[in-house]
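Here are the chains, one letter per residue:
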Amino acid sequence: MEKVLKGARSCMTRGRADNAATLLLHLWSETPDAAGLRETSLELADRFPLDESAAEVLRRAAVTSAERGRLPVAEELARRALGVWRARCQADPTPESLAGHVSALDLLASVHRARGEVAAVAACLAEVVEWQYDHGDRAGVAWALRELGVLAIEAGDLALAGTRLTRAVALYRERADEPSMRMACGECWVLLACVRWAEERPTEARALLEAALGEFGDDDAALDVLRLLEALDSGSELPESVPVGGEFGQLSWA
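Cut-offs and rules
- Residues numbered from 1 in each chain as written.
- Predicted model: local features only at pLDDT ≥ 70, side-chain atom pairs only at ≥ 80, totals over all residues.
- Heavy atoms only, no water.
- Axes fitted to C-alpha atoms, helices over the stretch in contact; angles between N-to-C directions.
- Helix = DSSP H or I, 4+ residues; strand = E, 2+ residues; numbered from the N terminus.
- Parallel < 35°, antiparallel > 145°, perpendicular 65-115°, else oblique.
- Contact = heavy atoms within 4.5 Å.
- Salt bridge = Lys/Arg side-chain N within 4 Å of Asp/Glu carboxyl O.
- Buried < 20%, exposed > 50% of the residue type's maximum accessible area, 1.4 Å probe, protein only.
- Expected span 1.5 Å × (residues − 1).
- Left-handed = near helix turned anticlockwise from the far one by under 90°.
- Nonpolar A, V, L, I, M, F, W, Y, C, P; charged D, E, K, R; others polar.
- Phe/Tyr/Trp six-rings, centres within 6.5 Å; stacked < 30°, edge-to-face > 60°.

## Points about the packing of helix H2 (residues 17-30) against helix H4 (residues 52-67)
Here H2 crosses H4 at 10°, and the two axes come no closer than 9 Å. One element, H2, and the other, H4, form an angle in the roughly parallel class. Along the contact surface, H2 presents Ala-17, Asp-18, Ala-21, Leu-24, Leu-25 and Trp-28, while H4 presents Ser-53, Glu-56, Val-57, Arg-60, Ala-61, Thr-64 and Ser-65.

## Considerations on the environment of Val-57
Tracing the chain through its elements places Val-57 in helix H4. Through-space distance from the C-alpha of Val-57 to that of Ala-122 is 25 Å; in sequence the pair is 65 residues apart. Setting aside residues up to four positions removed in sequence, Val-57 forms contacts with Ala-21, Leu-24, Leu-25, Trp-28, Ser-41 and Leu-44.

## Things to note about the pattern of salt bridges
Taken as a whole, this structure holds 27 salt bridges when the rule is applied. For Arg-146, the salt bridge is made with Glu-147, and the minimal N-O distance between the two is 2.8 Å. Relative accessible area serves as the criterion here: at 2%, Glu-147 is assigned to the buried category. With its nearest N and O atoms 2.9 Å apart, the salt bridge here joins Glu-199 to Arg-196. Overall, Arg-196 belongs to the buried group, its relative accessible area being 13%.

## Notes on unusual backbone geometry
Negative phi values dominate among residues other than glycine, just as trans dominates among peptide bonds. Phi is positive for Glu-200, close to 65°, though the residue is something other than glycine. The residue Glu-200 is located in the loop between helix H10 (179-198) and helix H11 (202-216) in this model.

## Points about helix H12 (residues 220-233)
Under the 1.5 Å per step criterion, the end-to-end length of H12 is 21 Å for 14 residues, consistent within 8% with the ideal 20 Å. All of the buried residues in H12 are Ala-222, Val-225, Leu-228, Leu-229, Ala-231 and Leu-232.

## Things to note about the packing of helix H8 (residues 138-155) against H10
One can describe the packing of H8 onto H10 by two numbers: an axis separation of 11 Å at closest approach and a directional angle of 20°. One finds that H8 runs roughly parallel with respect to H10. By crossing handedness, the relation of H8 to H10 is classed as left-handed. When H8 is examined against H10, the residues Ala-139, Arg-146, Val-150 and Ile-153 are found in contact with a partner set consisting of Met-181, Glu-187, Cys-188, Leu-191 and Val-195. Across the contact of H8 with H10, the residue classes tally to 7 nonpolar, no polar and 2 charged.

## Some details on the packing of aromatic side chains
Throughout the structure, instances matching the rule amount to 1 aromatic pair. Between Trp-143 and Phe-248 the ring centres are 5.9 Å apart and the planes differ by 75°, which places this aromatic pair in the edge-to-face class. With Trp-143 in helix H8 and Phe-248 in the segment after H12, this pair connects stretches of sequence that are 105 residues apart. Accessibility expressed as a relative area gives 21% for Trp-143, which makes it partly exposed.

Here is the structure:
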């Protein structure tokens, strides 16, 4: 193991980041407890702060650490991986680098969620909103606002959830000619309907569910909406099985 680490450091010295990353990835997969592995992985990012292979090593390190229950270490590594992608976006904000940035934020948010740090998850999403807005991806902004709305629902802040979801719907409606945007808008309408239902505003909830049903057509999601409409019409409480779960910060180590 020490020989492999020395090989990785030698590759770094010679400017061969990819080769060093290959060796470190092997160690994280086979011997994650190797002495000096974490430090050498961080050194790779220090030496090559814009290198995608360094971010890949840090991501693997963070996930492996989380799998082993070492969440503080996982958070540090995930934060460093995010730093690489953030720097890459600043240097060259391509669709690929922006996608890598969001993925790194998703990883960090997942560690935060595992540690019960909900406010930190929201901060990660706020960064998604900022970067996607700055680079003209309004659909990306809408998605992040939807996820912030889900967080607000989980926190019981219905007013904030309603505000965020309403903003997301407005952005999705700007591209209503695209099927994927219509589906995403329909999902937001379902979430917003659940908020209005919980606020005891059944008429608004029904209108939102019917709008969503129109977007889903024969999709499986339409069956969930029909069940919600049936429960609403019968005067039942909002079903606990309502699909209000988010997509961000949900990576699992189990």
